[in-house]
Amino acid sequence: MAADGVSLSLQLPCVFSPKSRQYLAVCAQDGRLRVWNTDSKTLHQEFVPSAHLSATCTCIAWGPCRTVKEGPQRKKRKSEVGHVEEKADLLAMGTAAGTVLIYSTAKGALHCTLDGGHSGGVNCVHWHPEDSLLYSGSDDTNIVEWDLQTGKTRSKWKADRAAVTSLCVSPDGKLLLSAGHVIKMWDLETKEIYRRFTGHSTAVTTLRFATTRPPDSNGLYFLSGAAHDRLLSVWQVREDGKDKNSVVSFTLTDEPQHIDLITSGSKEEAVRLAVVCKDGQLHLFEHFLNGPCKKPLSPSCSVQMSDAKDSPMPIPLLAAALGADPRGVMLAYGNHLQPVMEKVEVNTAERHVCLTRDVRTNLSLSMETTVSKVKTPIVNAKSKVLVPGLPGHTAPLKAAAPQGTEKRKKDADTKEMSIAERLGEIDLEAVSDQKGAPKVAASLQTDNFAVLLMQGLESNDTDILNKVFQTRKEALIKKTVARLPLPAVIPLVEELSKRLQGHPLTACLMVRWLKVVLMHHTSYLASLPDLVTQLGVLYHMIESRVKMFHKLTKLHGKLHLLTTQVAANDSSALVSEVDHTAKLVYEEESSDEDDISVDEALPGEDSDHWEEEEAMQEEEDDDEQDEDPDRRTEPKANGDEDMEHENESEEE
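Residues numbered from 1 in each chain as written. Predicted model: local features only at pLDDT ≥ 70, side-chain atom pairs only at ≥ 80, totals over all residues. Heavy atoms only, no water.

The name given to the chain in an unreviewed UniProt entry is WD repeat domain 43, and the organism recorded there is Fundulus heteroclitus. On record in UniProt, under Sequence similarities (unreviewed entry), the comment for the chain is "Belongs to the UTP5 family." UniProt, in the comment section headed Subcellular location (unreviewed entry), describes the chain in these words: "Nucleus". (UniProt positions renumbered as here; feature names shortened; annotations may be inferred.)

Here it is, written out as structure tokens:
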């Protein structure tokens, strides 16, 4: 069965081809499509889309198997005419730019491009089982039906208010399932809603039909999985329409990432299900769908992979495919840049199975000559290859073959310093802060620094490497890396990758070195045929740390908020109560006297002759006014006398 092809933004598509399981299609982090041959475990084809960086591939779906004409062939005999082999050929890829690319594995090239149907990124694609039709769902909430013969849209309709995240066509080709937060079943002839199913709180990422029975027989079942949901829900399409709740649920350890199943044709036939979760585990289920089951079903067998080291680390499973043999399972594990394909037999009698594999021995990138256009030149055994090295340093690396057994002659006049003396003279943090103090000059030049780095890589001496890697000067790092010979670049990258996995403080220093190495030796690294294996682990480690950075910043912000609130409460509790009693009281002295004078001026309440008193008061006021003009004339007279005296003085 073809895989669903639905993928989230953080999930990379990885799908086995239908029926024969001969090919594995993977879209890695670099935006390239790689088709691996599961039989020979080699890279069969590689396709680089024109906009693989800006419009990355979001989902993949294999088309139904068909007869392929690969080119001019000889005439077949009459006995061979009846036997026609069908192969998986076409591969649909949805992109973030809203286009759908159709790739042909038989031609090894792009078959056609379907564009103009979506205004948002494509989230899911699914093929029609019989006709040459393709269905795609997008962020623009629309479903588009494509006609591959013309390369144009056949119909388009709005599916939901939210983005369409998953699609699936029924085995008979009459019904279509679409989902965002609500699952809808459409009649493909009329493009009308046949049923609605609600029950998921997050976006549905997986939809698969589990049975091939007609919908009017109460025997049509399908399953759905949602993001951040550890349950797979099974829904029954009933004839009476009472199918609002799921009938069966399968328990998982994490949200489903890849699902493969073998459908059931009758009630007596069980459904076999293989689910790869986001945590890298595989869960196998086998169940007879004959009605509701209240209790969630646990997997009959769980498979996990780990490496063969002393302290084993889990190896993530990418995809799984079931075969005719109930115990045989085709697995793809490792990383997306170079997955490992293996067919294993699982003992389903055990509930938990752990498989140990040595990934490094299995990771051998072997490309066919038709895929890679880079040809390795044939080097004669007698020829001598000159590698740019360091002046005065001819010690061979481990990777390089020894050129001769002659020992270097030591001159009596030239004395070389030992490694211990060089380490003793290196002082990377010597900075004089006092004014007027003479500046300390570095005793070792950049050449010596590069020589020490070479010796540390050859001997795996941690003391030497620690002294070299502790430097924080950008210019010194650039000059040291620029003077390294080419065979030392890969050992340096491996050492930096190991140290990046350690303490965060050392990781900050290693990032500076790694940046300079990638900038200076880009051309050399690009010419290596096994570059994917060398840098794949480093890329995945950096990607995992970047994913965790956003969560750590959220946690840091919440913890900072809690600590500040606790500190504020503690500081408020320490503050003593404020004394509200006045330290000083100031009273005006004139206030009492004014009150007394006002009281005296007012007539008494018990005075009966208040009118006479007012009249006498008015007479006194008139007398005072009569006396005032005399007083006003006096200053005037005095003023005139002053003016006269002034005039006399001026005349004199």
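Resuming the write-up.
Participant: Would you mind going over the overall build of the chain with me for this structure?
Facilitator: Across its full length, the chain carries 12 helices and 29 strands. Evaluated residue by residue, the chain yields a buried proportion of 39% over its 652 residues. In the chain, 52% of the contacts between residues at least 6 apart in sequence involve partners at least 24 apart. Of the roughly 40,500 Å² of accessible surface on the chain, a fraction of 52% belongs to carbon and sulfur atoms. (Helix = DSSP H or I, 4+ residues; strand = E, 2+ residues; numbered from the N terminus. Buried < 20%, exposed > 50% of the residue type's maximum accessible area, 1.4 Å probe, protein only. Contact = heavy atoms within 4.5 Å. Areas by Shrake-Rupley, 256 points an atom, 1.4 Å probe, with all protein chains shown as cover.)

Participant: Where do I start with the packing of aromatic side chains in this structure?
Facilitator: Given two aromatic rings, their pairing is described by the distance between the two centres and the angle made by the two planes. As enumerated under the stated definition, the model contains 9 aromatic pairs in all. Ring centres 6.4 Å apart and planes at 15 degrees place the aromatic pair phenylalanine 222 and tryptophan 235 in the stacked group. With a gap of 13 residues between them, phenylalanine 222 in strand β18 (residues 220–226) and tryptophan 235 in strand β19 (residues 231–237) connect regions that are remote in the sequence. An identical accessibility class is assigned to phenylalanine 222 and tryptophan 235; each is buried. A network of ring pairs unites the aromatic residues Phe197, Phe209, Phe222 and Trp235 as a single cluster. (Phe/Tyr/Trp six-rings, centres within 6.5 Å; stacked < 30°, edge-to-face > 60°.)

Participant: I would appreciate a short explanation of empty space enclosed by the protein in the present structure.
Facilitator: Any empty space left between atoms is shown by rolling a water-sized probe over those atoms. In the structure shown here, the tally under the stated rule is 3 cavities of 30 Å³ or more. Forming the walls of the second largest cavity are Ala210, Leu223, Val234, Phe250, Val271, Leu273, His287 and Leu289. Taken together, the residues of the lining of the second largest cavity sort by class into 7 nonpolar, 1 polar and no charged. (1 Å grid on protein atoms, 1.4 Å probe; cavity = no way out; pocket = protein on both sides within 12 Å on 5 of 7 lines; lining within 4 Å. Points joined across faces, edges and corners; volume = space filled by probe spheres on them. Nonpolar A, V, L, I, M, F, W, Y, C, P; charged D, E, K, R; others polar.)

Participant: Which parts of the structure should I look at to understand the confidence of the model for the chain?
Facilitator: Interpreting fine coordinate detail is not advised for predicted regions of low pLDDT. On average, residues of the chain carry a pLDDT of 77, and 71% of them reach 70 or more. Considering only residues more than four positions removed or in separate chains, one finds that residues 1–9, a stretch of pLDDT under 50, has 40 contacts. A low-confidence stretch, residues 79–83 stays under pLDDT 50, and its non-local contacts, those more than four residues away or across chains, total 1 contact. (pLDDT = per-residue confidence, 0-100.)

Participant: Where do I start with unusual backbone geometry in this structure?
Facilitator: What is expected of a backbone is that most residues other than glycine have negative phi and most peptide bonds are trans. The backbone of lysine 41 shows a phi angle near 55 degrees, a positive value even though the residue is not glycine. Mapped onto the elements, lysine 41 comes out in the loop between β3 (33–37) and β4 (42–47). Phi is positive for histidine 228, which is not a glycine, with a value near 60 degrees. The topology assignment puts histidine 228 in the loop between β18 and β19. Residue class for histidine 228 comes out exposed when judged on its relative accessible area of 70%.

Participant: What is the right way to look at the side chain of histidine 521 in this model?
Facilitator: In this fold, histidine 521 is placed in the loop between α8 (504–520) and α9 (522–526). Aside from chain neighbours lying at most four places away, what touches histidine 521 is Val481, Leu484, Leu486 and Val489.

Participant: What exactly am I supposed to notice about the nonpolar core here?
Facilitator: Side chains that are nonpolar tend, in soluble globular proteins, to be buried together. Counting residues in each nonpolar core, the largest one holds 31 residues, and the members touching the most others are Leu453, Phe469, Leu492, Leu496 and Trp513. Mapped by element, the contributors of at least two residues to this core are α4 (446–459), α5 (462–469), α6 (474–482), α7 (489–500), α8 and α10 (531–574). In contact with phenylalanine 469, not counting residues within four places along its chain, are Leu453, Leu492, Glu495, Leu496, Arg499, Leu509, Met510 and Trp513. Counting 20 residues, the second largest nonpolar core, distinct from the first, contains Val276, Leu284, Cys301 and Val353. (Core = buried A, V, L, I, M, F, W, Y, C linked by side-chain atoms within 4.5 Å.)

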